[in-house]
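Observations on the model geometry
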Amino acid sequence: QPYRIAMMNTATAAVSSREWGDQLPRSEWPTITEFYSGHDIFITGATGFMGKCLVEKVLRSLPTAGRVFVMVRPKKGKSVKERMEELTNLKLFQHLCTESPEMIDRIVPIAGDISRPGLGISKEDEEILVGSVSIVFHLAATIQFNDSLRDSLQYNVIGVREMIKLCRKMKKLQSLIHVSTAYSNCQMNNIEEIIYSAPVDYNDLMQSAYWMTDEQLEMIIPSLLQGR
């Protein structure tokens, strides 16, 4: 499951961090719980399918971790607070609310939008994140197959770039985990855990998006998909 893999990769990443030393023998590697203990976490895309599971998993399995900052955008006339209440009222959180309701109090909602500059986060909230967060899970994205190329670029490319900019400011950052769509390399029979080259340089594509019309952008999609 992707969220378990992300957690495992985060714990593994700690081996090369200054906190745990550069050459620790495997027997001294921190457990997942030890790595997360005392660390504040920032999660985007928390209201999505994977995000819900991740938030619940973190609250239930990592009781010694710090606060869980969750970025949510107001939607359909509902405030951030209302959307968070909807999230925690789901059946997924029922066991947690019954057995350990205090864990829910660790959630700190942050208003934001990955389609906006600076992720749409207020200056006050950004200062809190920059000074507190150690681990970031970036799950927010558009996963619609019929989205326009311009919208996909805005959410899935520029949004990621804005997240990286924010993370570079974080004073306590230990790990940034980006969870991408499961269909990134769907044209391949076997997908390895490596970073594959993009068909074009994203900077070139972004420059094209600035001057091309929506119709012109749609015309270049087949060459970008390369059989996907």
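Here the structure is a predicted model, which is why all the values come from computation and not from measurement.

What counts and how
- Residues numbered from 1 in each chain as written.
- Predicted model: local features only at pLDDT ≥ 70, side-chain atom pairs only at ≥ 80, totals over all residues.
- Heavy atoms only, no water.
- Patch = residues over 30% accessible without salt bridge, like charges linked within 9 Å, V, L, I, M, F, W, Y side chains within 5 Å.
- Areas by Shrake-Rupley, 256 points an atom, 1.4 Å probe, with all protein chains shown as cover.
- Salt bridge = Lys/Arg side-chain N within 4 Å of Asp/Glu carboxyl O.
- Helix = DSSP H or I, 4+ residues; strand = E, 2+ residues; numbered from the N terminus.
- Core = buried A, V, L, I, M, F, W, Y, C linked by side-chain atoms within 4.5 Å.
- Buried < 20%, exposed > 50% of the residue type's maximum accessible area, 1.4 Å probe, protein only.
- Contact = heavy atoms within 4.5 Å.
- Polar contact = N/O pair within 3.5 Å; in protein donor to acceptor, adjacent residues only side chain to side chain.

What to know about a nonpolar patch on the surface
Together, Ile164, Leu173 and Leu176 make up an exposed nonpolar region whose accessible area comes to about 200 Å². Positionally, Ile164 belongs in helix α7 (residues 149–169).

Some remarks on the nonpolar core
By size, the foremost hydrophobic cluster in this structure holds 26 residues, and its most contacted members are Tyr36, Ile41, Ile43, Val55, Leu59, Val70 and Phe137. Of all the secondary-structure elements, those providing two or more residues to this core are α2 (32–36), β1 (40–44), α3 (49–61), β2 (68–72), α4 (80–88) and β4 (133–138). Counting residues per element, this core draws most heavily on α3, which supplies four residues. Dropping the residues within four chain positions of it, Ile43 is found in contact with Leu54, Val55, Val68, Phe69, Val70, Met71, Phe137 and Leu139. Listed in part, the 16 residues of the second largest apolar core include Phe42, Phe69, Val133 and Ala140.

Describing the environment of Asp113
Relative to the helices and strands, Asp113 resides in the loop between β3 (107–111) and α6 (123–132). Residue classification places Asp113 among the buried residues on the basis of a relative accessible area of 15%. Expressed as a C-alpha distance, the spacing of Asp113 and Met71, which sit 42 residues apart in the sequence, is 7.9 Å. The residues contacting Asp113, other than those within four sequence positions of it, are Met71, Arg73, Leu119, Gly120 and Tyr155. Among the polar contacts listed, one links the side chain of Asp113 to the side chain of Ser115, at a separation of 2.8 Å.

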